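Architecture and fold: a report
What follows is the residue order along each chain.
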Amino acid sequence: MGKGNPLFSLLILSLLCHSISPITAVGSPSPVNIWPKPRVFVWPVPHAILLSPLFTITSPTHQYLDAAVSRYLRQVTTEHHHPLVTPAVNLTSASPLRTLEITVNDLAAPLHHGVNETYILRIPSAGPTAYLTAFTPWGAMRGLESFSQLVWGDPPQIAAGVFIWDWPKFEHRGIMLDTSRNYYGVDDLFRLIGAMGGNKLNVFHWHITDSHSFPLVLPTEPELAGKGAYGASMVYTAEDVQRVVEFGLEHGVRVLPEIDMPGHTGSWAEAYPEIVACADKFWWPAGTAWPDRLASEPGTGHLNPLIPKTYEVLKNVIRDVTTMFPEPFYHAGADEIIPGCWKADPSIQTFLANNGTLSELLEMFVNSTAPYIVSQNRTLVYWEDVLLDAEIKVNPSVIPQNTILQTWNNGPNNTKRIVSAGYRAIVSSSDFYYLDCGHGDFLGNDSQYDQQPGSKPGNGGSWCGPFKTWQTIYNYDITYGLTDDEAKLVIGGEVALWSEQADPTVMDSRIWPRASAMAESLWSGNRDETGMKRYAEATDRLNEWRYRMVNRGIGAEPIQPLWCIRNPGMCNTVQPFGEA
């Protein structure tokens, strides 16, 4: 955000006209807060004014901003939120706020990666008009969310004399949800996307298919879902996808589809058994060592790169998915290619006997699919395995340089390897950002749970245990150990909920408010203006935000007893851990 930026000029003009000091108040305690914390929040004399019973929001006409304006107008006038701790501000007798006036510089800006989400919000000390200025409709939506969090009480009142200048630290801030292992209804996806918009997250990474089920109904390949879904009621039709995409646009959330391949494709074998290696086999056969397994968990099957029919089906799948999803990013998976699965196939055995290698097989697959995906005007996203796997990986020359790699192993080390190779990175480190970790495993006869008294539980059977607390997520710096130039290639991060042991009944509590922790870390950072981590200061704010989310219909889990927020400071410690 340089001084040549037009919005910067608007900021300076606003500051001059309204005599508000452009001093950041990020580290200052405030009786009313916004989550994620804004970059600049100035409230020189905390006080409140009423919202007029006739309060309205004016904005330029825009299909998706219009929907957001209607939603937020209804929310601020009917929510009647009562904070856990009543804000210590005076409700003045000044004239009430009658109007929020929205100005947007570029109404035509699409919701794509890198879109400008900056906004400026000024609420006067006395009515009648507050002003929200943004470059794009999507920035205006971020400002509307901030405005809504400054309203509380019945009748509604709002923080007055406030100036906010806000923009995200990272452009890609997302949640990945796996809808193959267990099915989530469209209403569940709506609830997730709505909460994402409230947390200023902007990418719903939809891991739609896997070995367990293929719930996406494709117009030219209907049998994939017809035979590969769990049932006729557990599918996503083209109409469902359109509704999800539109709902995302109304909340400023991109919907990024992932069709994982060539691994994780056992469900494809229900319709096309001839193109899937090791389908419907026991995942770890008796008498075999772990390196010779067919899958890393129950549910086997890899697409066979040697079969021409594979690419006929894939071309149809890719064309349908890019037609159904307007998102310019296309996630093609490419993770966890298990040697034992491909080696179990007779045609691949012949290929290997003729001095072929499994990495060459993967290169054959990537060379046969990546150009077609790119020809659909899509930017490729792969999991890191395609480049970094220890056994099966492609030569970097095979991967287009503008490809984005999503990292999930080895914490910052793999992030470093990706950006050092010149690729952009999305960080989803399982050490920090996997929300399913710490809930054990789902094998039915796992003997590691038969623990004798006094034995050490280890990670409790969860391969990525322990549980990732909100503090762990909040404190993770996704550019740790990178040079400034390398850090520029990290476009953002995603928390991930794999669904072996999750479904709609626990979705909210598994995701929230831990995803809120990442949301603030990626929006305005996890440090105060002195460079210190601010997780301690964030605790009370997250308690309040979690409570507000619950009142908005999101089943976010608690992070502390209510007693803690009613007794400030009493749930902290003054003793350094590890020194007892």
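Per chain, residues are indexed from 1 in the order of the written sequence. Totals for whole chains, interfaces and linings use all residues, but because this is a predicted model, local features are given only for residues with pLDDT of at least 70 and pairs of side-chain atoms are given and counted only at 80 or more. With hydrogens and water stripped out, all remaining heavy atoms of the structure feed into the side-chain values.

Naming follows an unreviewed UniProt entry, where the chain appears as Beta-hexosaminidase of Escallonia rubra. Turning to the chain, the UniProt annotation filed under Catalytic activity (unreviewed entry) states: "Hydrolysis of terminal non-reducing N-acetyl-D-hexosamine residues in N-acetyl-beta-D-hexosaminides." The Sequence similarities (unreviewed entry) field of the UniProt record for the chain holds the comment "Belongs to the glycosyl hydrolase 20 family." UniProt positions are given in the numbering used here, feature names are shortened, and annotations may be inferred rather than shown by experiment.

**Comments concerning the state of the cysteines**
Here, disulfide denotes a covalent bond that connects the sulfur atoms of two cysteines. Disulfides are defined in this document as cysteine sulfur pairs within 2.5 Å. For the coordinates displayed, the defined rule picks out three disulfides. Between Cys278 and Cys341 runs a disulfide, and the two sulfur atoms are separated by 2.0 Å. On the sign convention where negative is left-handed, the bridge of Cys278 and Cys341, at about -95° about the S-S bond, is left-handed. One end of the pair, Cys278, is in the loop between strand E13 (276-277) and strand E14 (302-303); the other, Cys341, is in helix H8 (residues 339-343), and 63 residues separate them in sequence. Disulfide connectivity for the chain, with bonded cysteines indexed by sequence position, reads 1-2, 3-4, 5-6. By the criteria applied, helices consist of DSSP H or I runs no shorter than four residues and strands consist of E runs no shorter than two, each listed in order from the N terminus.

**Observations concerning the UniProt feature "domain: Glycoside hydrolase family 20 catalytic" (unreviewed entry) in the chain**
Residues given the UniProt feature "domain: Glycoside hydrolase family 20 catalytic" (unreviewed entry) here are residues 170-525. Across residues 170-525, the secondary structure splits into 34% helix and 15% strand, with the terminal C-alpha atoms separated by 9 Å.

**Comments concerning the pattern of salt bridges**
What makes a salt bridge here is a side-chain nitrogen of Lys or Arg within 4 Å of a carboxyl oxygen of Asp or Glu, nothing more. According to the stated counting rule, one finds 23 salt bridges in the structure shown. Salt-bridge contacts for Arg181 lead to Asp210; the nearest nitrogen and oxygen are separated by 3.2 Å. Linking Arg181 in the loop between strand E10 (172-178) and helix H4 (186-198) with Asp210 in the loop between strand E11 (203-209) and helix H5 (222-228), this pair joins segments that are 29 residues apart in sequence. Each member of the pair, Arg181 together with Asp210, is buried. Between Arg191 and Asp508 there is a salt bridge, with the nearest N and O atoms lying 3.0 Å from each other. In this pair, Arg191 is assigned in helix H4 and Asp508 in helix H15 (residues 507-511), connecting sequence segments 317 residues apart. Here's how the labels work: a residue is buried when its accessible area is under 20% of the maximum for its type, exposed when over 50%, partly exposed in between, all with a 1.4 Å probe on protein chains only. Its relative accessible area of 24% is what places Arg191 among the partly exposed residues.

**A word on H4**
Spanning 13 residues, H4 covers 18 Å between terminal C-alpha atoms, matching the ideal 18 Å at 1.5 Å per step. Summarising burial for H4: 10 of the 13 residues are buried, a large majority. Burial in H4 covers these residues: Val186, Asp188, Leu189, Phe190, Leu192, Ile193, Ala195, Met196, Gly197 and Gly198. Contacts are residue-level and defined by heavy atoms, with any inter-residue pair within 4.5 Å sufficient. Where the residues of H4 are buried, they touch helix H3 (137-149), E10, E11, helix H6 (238-250), H15 and helix H17 (535-551). Immediately beyond the C-terminal end of H4, within one or two residues, lies Lys200, with a positive phi of roughly 60°. Multiplying one less than the number of residues by 1.5 Å gives the expected span of a helix.

**Remarks on the pairing of strand E18 (residues 424-427)**
In this sheet, E18 lies alongside strand E17 (residues 404-407) in parallel orientation, the contact comprising four bridges. Looking across to E18, one finds that Ile404 is bridged to Arg424. Handedness of a crossover: with both strands directed away from the viewer, a clockwise path from the first strand across the helix to the second marks it as right-handed. For the segment spanning E17, helix H12 (residues 411-420) and E18, crossover handedness is right-handed. Strands are treated as partners if at least two bridges between them are detected by DSSP. Examined bridge by bridge, E18 and strand E19 (residues 490-497) share three bridges and lie parallel to one another. In the strand pairing of E19, Ile426 is matched with Gly492.

**Notes on the packing of helix H7 (residues 308-324) against helix H10 (residues 358-375)**
Comment: axis = line fitted to C-alpha atoms, over the contacting stretch for helices; angle = value between 0 and 180 degrees taken between N-to-C directions. One way to put it is that H7 packs onto H10 with a least axis distance of 10 Å and a crossing angle of 30°. You can see that H7 and H10 cross each other, and the crossing is right-handed. Judged by residue contacts, Tyr311, Leu314, Lys315, Ile318 and Arg319 of H7 engage Met364, Phe365, Ser368, Thr369, Tyr372 and Ile373 from H10. Ten residue types, Ala, Val, Leu, Ile, Met, Phe, Trp, Tyr, Cys and Pro, are classed as nonpolar, four, Asp, Glu, Lys and Arg, as charged, and the remainder, Gly among them, as polar. Looking at the contact of H7 with H10, its residues break down into seven nonpolar, two polar and two charged. Crossing chirality is assigned from the near helix's rotation relative to the far helix, an anticlockwise turn below a right angle marking it left-handed and a clockwise turn marking it right-handed.

**Some remarks on the side chain of Arg548**
Considering the arrangement of structural elements, one finds Arg548 in helix H17. In this structure Arg548 comes out as buried when scored by relative accessible area, which is 6%. As used in this structure description, the phrase polar contact means that two N or O atoms lie within 3.5 Å; if the pair is within protein, one of them must be able to donate a hydrogen and the other to accept it, and residues adjacent in sequence are counted only when both atoms belong to side chains. In terms of polar contacts, Arg548 uses its side chain to reach the backbone carbonyl oxygen of Gln149, at 3.2 Å. Those residues within four positions of Arg548 in sequence are excluded, and the remaining contacts are Glu79, His81, Ser148, Gln149 and Val151.

**Details of the packing of aromatic side chains**
Side-chain rings of Phe, Tyr and Trp (the six-membered ring for Trp) are treated as a pair once their centres are within 6.5 Å; stacked means planes under 30 degrees apart, edge-to-face means over 60, and tilted covers the remaining angles. Tallied over the full model, the rule gives 23 aromatic pairs. Where Trp35 meets Tyr474, the ring centres are 6.4 Å apart and the plane angle is 45°; that geometry is what we call tilted. With Trp35 in the loop between helix H1 (6-18) and strand E1 (40-42) and Tyr474 in helix H13 (residues 470-475), the pair connects residues that are 439 residues apart, well separated along the chain. Its relative accessible area of 1% is what places Trp35 among the buried residues. Ring geometry for Phe214 against Trp268: centres 5.5 Å apart, planes inclined by 85°, an arrangement best described as edge-to-face. Residue Phe214 is located in the loop between E11 and H5, and its partner Trp268 is located in the loop between strand E12 (254-261) and E13; the two are separated by 54 residues in the primary sequence. One aromatic cluster in this structure is built from Tyr183, Phe204, Trp206, Tyr236 and Phe325. Here the basic side chain of Lys200 rests over the ring of Trp523, its NZ or CZ set 5.9 Å away from the ring centre. Over the ring of Phe329 we find Arg254, and its NZ or CZ is 4.9 Å from the ring centre. We call a charge positioned above a ring when the Lys NZ or Arg CZ atom is no farther than 6 Å from the ring centre and deviates by at most 35 degrees from the ring normal.

**Looking at the nonpolar core**
Within soluble globular proteins, side chains that are nonpolar tend to cluster in buried spots. Among the nonpolar cores identified, the biggest contains 151 residues, and Phe147, Leu150, Phe204, Trp268 and Trp512 are the most heavily contacted of them. At eight residues, the largest contribution of residues to this core is made by H10. Dropping the residues within four chain positions of it, Phe204 is found in contact with Ile175, Leu177, Leu189, Leu192, Ile193, Met196, Val244, Val253, Arg254, Val255 and Leu256. Grouped together as the second largest cluster of nonpolar side chains are eight residues, Trp383, Tyr434, Ala496 and Trp498 included. Grouping buried Ala, Val, Leu, Ile, Met, Phe, Trp, Tyr and Cys residues that are joined through side-chain atoms within 4.5 Å yields what is termed a nonpolar core.

**A closer look at a nonpolar patch on the surface**
Grouping into patches uses exposed residues only, defined as over 30% relative accessible area, and leaves out salt-bridged ones; the cut-off is 9 Å for like charges and 5 Å for nonpolar side chains (Val, Leu, Ile, Met, Phe, Trp, Tyr). Using the Shrake-Rupley algorithm and a 1.4 Å probe, accessible areas are obtained, with residue cover drawn only from the displayed protein chains. The grouping of Phe282, Trp284 and Trp290 at the surface amounts to a nonpolar patch, some 330 Å² of accessible area in total. Considering the arrangement of structural elements, one finds Phe282 in the loop between E13 and E14. Residue Phe282 is classed as exposed on the basis of its relative accessible area of 57%.

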